[in-house]
Amino acid sequence: MLHIGCHLSCARGYLAMGRQALSIGADTFQFFTRNPRGGSVKPFDRQDAQALAAFLREHRFAPILAHAPYTLNACAAEERIRAFAVRTLREDLERLSFLPGAMLNFHPGSHVGQGAKEGIRLIARMLDEVYTPQIQTPVLLETMAGKGSEVGRSFEELREIIQAAREGDRLGVCLDTCHVMDGGYDIAGRLEDVLAEFDRVLGLSRLRAIHLNDSKNPLGSHKDRHARIGEGYIGLEAFGRIINHPQLRNLPFYLETPNEIEGYEREIALLRGLYREES
Ligand code: FE
Ligand code: FE
Ligand code: ZN
């Protein structure tokens, strides 16, 4: 069965997201842990989180994915911004401990001129402060488009973070199809080669989630402009290959682009139609 969902707003609470996902044919979803462009967060409603946890079990959802805010930058030059990253990730993980089965995804960060090497060191240091052995929630690094000074634009950069972090063995990766295309990995035309490269550098066992976005720009653009499924340079046929690939087909897939519920519902139906059930 295809495990697929989309990005939902948590404005009406946790359980409301589960219900909304179910109503559009999804069996998972992604949500921002807090205001993505600010960082403010609503008071935690533990009962609501526990109600969602029960709902996810009852309806046999695939792991849901929490996305850290964009303002989280573990390798900022300013100490104040790095401290915000530590505080935010720590608090988000605390909340997620009430949602067993949820994973947390974050953008490694932008080194803002300090260089990728220093960026990687600071990201690993932030993880060392926050990702303690007691934490059960899987933490995922997202593959980045390489816009500006983004760290994580190549599989090698992600590997360096993983190797530098104390709990690196437990870190996973979320592959964003638009971002890797932007990063110069031809996931549209050479899926087998891209997966072989991922396996060589990171190991496919680290791949825990996939963001399904088409791209408004061609291979290697480093622009990070998402397109709807089938309306960009990746194309519908390639998405059919991605979701059916033997090494990917059981992973959870998350849509992030139309950003409106009817659009998501259509894309979920479209992709379910392309999925070949195993006999
Ligand atoms: Fe993201
Ligand atoms: Fe993404
Ligand atoms: Zn993006």
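Conventions we followed
- Residues numbered from 1 in each chain as written.
- Chains lettered and ligands numbered in written order.
- Predicted model: local features only at pLDDT ≥ 70, side-chain atom pairs only at ≥ 80, totals over all residues.
- Heavy atoms only, no water.
- Buried < 20%, exposed > 50% of the residue type's maximum accessible area, 1.4 Å probe, protein only.
- Helix = DSSP H or I, 4+ residues; strand = E, 2+ residues; numbered from the N terminus.
- Pairing = 2+ DSSP bridges.
- Donors = N, O, S within 2.8 Å, 3.2 Å for Na, K, Ca; no water.
- Axes fitted to C-alpha atoms, helices over the stretch in contact; angles between N-to-C directions.
- Parallel < 35°, antiparallel > 145°, perpendicular 65-115°, else oblique.
- Left-handed = near helix turned anticlockwise from the far one by under 90°.
- Contact = heavy atoms within 4.5 Å.

Draft legend 1. Representation of the pairing of strand S12 (residues 252-255) within the structure. In S12, alternate side chains face the same way, and those of Pro-252 and Tyr-254 on one face and Phe-253 and Leu-255 on the other are all buried. The pairing of strand S1 (residues 3-8) with S12 spans four bridges and is classified as parallel. Within S12, the position partnered with Cys-6 by the bridge is Leu-255. Here three bridges tie strand S9 (residues 207-212) to S12, and the two strands are oriented parallel to one another. Along S12, the bridge assignment pairs Ile-210 with Phe-253.

Draft legend 2. Summary view of the coordination of the iron ion (ligand 1). Only His-67 (NE2), His-107 (NE2) and Glu-142 (OE) from the protein coordinate the iron ion (ligand 1), and they sit 2.1 to 2.2 Å from it. For the iron ion (ligand 1), all donor residues lie on one chain, and their spacing in sequence is H-x39-H-x34-E. A separation of 3.3 Å is found between the iron ion (ligand 1) and the iron ion (ligand 2), which share Glu-142 as a coordinating residue. Placement of the pair is His-67 in strand S3 (residues 65-67) and Glu-142 in strand S6 (residues 139-142), with a sequence separation of 75 residues.

Draft legend 3. Region of the structure containing the packing of helix H5 (residues 155-164) against helix H7 (residues 191-201). Their axes nearest at 10 Å, the elements H5 and H7 cross at an angle of 25°. Put simply, H5 runs roughly parallel to H7. Helix-helix and strand crossings are classified by hand; for H5 and H7 the assignment is right-handed. In contact with Phe-155, Glu-156 and Arg-159 of H5, H7 contributes Val-194, Glu-197, Phe-198, Arg-200 and Val-201.

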